[in-house]
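# Residue-level structural notes
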Amino acid sequence: MELRQLRVFAAVAEHRTVTAAAIALDLAPSSVSEQVRVLEASLGTALFDRSPRGMRPTAAGERLRPWAASLLEGAERARREVADTQPELRLGALETIVATHVPAILGRLAGRRPGLRVEVRPETARDRLLALVADGDLEAALLLDTGGSLGDLGFAAPDAPLQFCDVDTVPLVLIAAPGHRLAGATRVVRADLRGEKVLTNSPACTFWLRGQQLLGSDVERVRVGGVHVIKAWVQQGMGISLVPEFAVTEELASGRLTRLAFATGDLSLRLVWHPDREALPDLRELLYAASAVTGQAPAQV
């Protein structure tokens, strides 16, 4: 096996057609087809099932995929070290997390690996983040979830066998204007909120999904935009909202907003990665740096 053959194999396995793989690799389609044929001949087995709809890895092809990813990554690491270039780790995160949690993780990571350069990619869509991790375009991603499985918050997890580690908890709070009818109550339950307007973002939003679990159809949801807009509208008495506590710390302390005594539970700050990347030393360093929030090393590595 040659690295160029493995690189072509990985591209065809990802893009599922010779033409798409050729475009991604900037090669002629005939060259891509030839490299696949030579690799299959050297291994003595078919790596793809070919059909008019494209090429899908056979069982042997699926077994080769993690090996190809590992060998190609090892070759890239060797190239960087020999060429004395600075290593890079690609970390994705939801925009709110980039501002609030990523800086501390990067600080701890810099202490463990001073020479490691991290590219942080903010994303507004959770599905986009997960797809980038599943496709290998990101080594790992940070998002918010809950429960024992990826997607228990209510979103669809990708088909790829992603791994995750919960590295911190994110408390939620149900906020209202100081003059709200329930502002002074010592305990608020779901029935007390029936008929309320809950200000939120899109149905794919983390806090929409958590609100759906907690409040169901007892409330009216009003889409108004991001957290900054939500806070402003709640202060004007235009509704209540479920938001992360870190986003309203100042407003709660100053009395511009009030916390309703409703049991919201916490979300988990979840680091997600593909099993193919677990052998990367840089990823292991990231996992330990992120897990330092709770003082526990991730069980999966």
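So, how was this worked out
- Residues numbered from 1 in each chain as written.
- Predicted model: local features only at pLDDT ≥ 70, side-chain atom pairs only at ≥ 80, totals over all residues.
- Heavy atoms only, no water.
- Helix = DSSP H or I, 4+ residues; strand = E, 2+ residues; numbered from the N terminus.
- Contact = heavy atoms within 4.5 Å.
- Areas by Shrake-Rupley, 256 points an atom, 1.4 Å probe, with all protein chains shown as cover.
- Lys, Arg positive; Asp, Glu negative; His and termini not counted.
- Charge placed at Lys NZ, Arg CZ, Asp CG, Glu CD.
- Buried < 20%, exposed > 50% of the residue type's maximum accessible area, 1.4 Å probe, protein only.
- Core = buried A, V, L, I, M, F, W, Y, C linked by side-chain atoms within 4.5 Å.
- Phe/Tyr/Trp six-rings, centres within 6.5 Å; stacked < 30°, edge-to-face > 60°.
- Lys NZ or Arg CZ within 6 Å of the ring centre and 35° of its normal.
- Pairing = 2+ DSSP bridges.
- Right-handed = clockwise from strand over helix to strand, strands pointing away.
- pLDDT = per-residue confidence, 0-100.
- Axes fitted to C-alpha atoms, helices over the stretch in contact; angles between N-to-C directions.
- Parallel < 35°, antiparallel > 145°, perpendicular 65-115°, else oblique.
- Left-handed = near helix turned anticlockwise from the far one by under 90°.
- Nonpolar A, V, L, I, M, F, W, Y, C, P; charged D, E, K, R; others polar.
- Salt bridge = Lys/Arg side-chain N within 4 Å of Asp/Glu carboxyl O.
- Patch = residues over 30% accessible without salt bridge, like charges linked within 9 Å, V, L, I, M, F, W, Y side chains within 5 Å.

### Some remarks on the overall build of the protein
Across its full length, the protein holds eleven helices and eleven strands. Overall, the C-alpha framework of the protein stretches about 75 × 45 × 30 Å when taken along its three principal axes. Residue pairs in contact within the protein that sit at least 24 positions apart in sequence constitute 70% of those at least 6 positions apart. Carbon together with sulfur atoms contributes 51% to the accessible area of the protein, which is approximately 14,700 Å² in total. Across the protein, the 34 positively charged side chains and the 36 negatively charged ones have centroids separated by 3 Å.

### Observations concerning the side chain of Gln5
Inspection of the secondary structure puts Gln5 in helix α1 (residues 3–15). With relative accessibility at 6%, the residue Gln5 sits in the buried group. Non-local contacts of Gln5, meaning those with residues more than four positions away in its chain, are made with Gln35, Val38 and Leu39.

### Digging into the nonpolar core
Ranked by size, the top nonpolar core spans 56 residues in total, and within it Ile97, Leu142, Leu193, Leu271 and Leu286 carry the most contacts. Residue assignment for this core shows that the elements contributing at least two residues are β3 (88–94), α6 (102–112), α7 (126–134), β5 (140–145), β6 (163–176), α8 (206–215), β11 (266–273) and α11 (281–291). Of all the elements, β6 adds the most residues to this core, at seven residues. If you look at the next biggest cluster of nonpolar residues, it comprises 19 residues, including Leu39, Leu47, Leu64 and Ala68.

### A closer look at the packing of aromatic side chains
Scanning the model with the defined rule gives one aromatic pair in all. Positioned above the aromatic ring of Trp208 is the side chain of Arg221, whose terminal nitrogen or guanidinium carbon lies 5.9 Å from the ring centre. Positioned over the ring face of Phe164 is Arg270, at 4.1 Å from the centre of the ring.

### Description of the pairing of strand β7 (residues 197–200)
Relative to strand β8 (residues 220–223), β7 runs parallel, the two sharing four bridges. For Leu199, the partnering residue across the bridge sits in β8 and is Val222. Note on the crossover from β7 through α8 to β8: the handedness is right-handed.

### Digging into the confidence of the model for the protein
The predicted coordinates should not be examined in detail at positions where pLDDT is low. Residues of the protein with pLDDT of at least 70 account for 93%, and the chain-wide mean is 87. Across the protein, element-level confidence peaks in strand β10 (residues 258–259) with a mean pLDDT of 97 and bottoms out in α11 with 78. Predicted confidence for residues 294–301 stays below pLDDT 50, and this span has 16 contacts to residues more than four positions away or in other chains.

### Comments concerning the side chain of His274
Residue position: His274 is located in the loop between β11 and α11. Other than its neighbours up to four places away in sequence, His274 contacts Val133, Ala134, Glu139, Ala160, Pro161 and Leu162.

### Looking at α11
With eight of eleven residues buried, α11 lies mostly within the body of the structure. Considered for burial, the residues of α11 that qualify are Asp282, Leu283, Glu285, Leu286, Leu287, Ala289, Ala290 and Ser291.

### A few points about the packing of α1 against helix α2 (residues 18–25)
At a closest axis distance of 8 Å, the pairing of α1 and α2 adopts a crossing angle of 125 degrees. Classified by the angle between their axes, α1 and α2 sit oblique to one another. Here α1 runs over α2; the crossing is right-handed. Across the interface between the two elements, Arg7, Val8, Ala11, Val12 and His15 of α1 pack against Ala20, Ala21, Ala24 and Leu25 of α2. By residue class, the composition of the contact of α1 with α2 is seven nonpolar, one polar and one charged.

### Some remarks on the environment of Leu27
Along the chain, Leu27 falls in the loop between α2 and α3 (29–43). Here Leu27 falls in the partly exposed class, since its relative accessible area comes to 37%. With residues up to four places along the chain from it excluded, the contact list for Leu27 reads Val8, Ala22 and Val32.

### Quick look at the pattern of salt bridges
Summed over all chains, the structure comprises 16 salt bridges. Here Glu139 ties to Arg90 by a salt bridge, and the two come within 2.5 Å at their closest N and O atoms. Linking Glu139 in the loop between α7 and β5 with Arg90 in strand β3, this pair joins segments that are 49 residues apart in sequence. Overall, Glu139 belongs to the buried group, its relative accessible area being 4%. Glu196 is the partner of Arg181 in a salt bridge, and the nearest nitrogen-oxygen pair spans 3.0 Å. Pair noted here: Arg181 is in the loop between β6 and β7 and Glu196 is in the loop between β6 and β7, with a separation of 15 residues, a long-range link. Among the residues examined, Arg181 registers a relative accessible area of 54% and is labelled exposed.

### Re a nonpolar patch on the surface
On the surface, Met1, Leu3, Leu43, Trp67 and Leu71 cluster together to form a nonpolar patch covering roughly 520 Å² of accessible area. If you trace the backbone, Leu43 turns up in helix α3.

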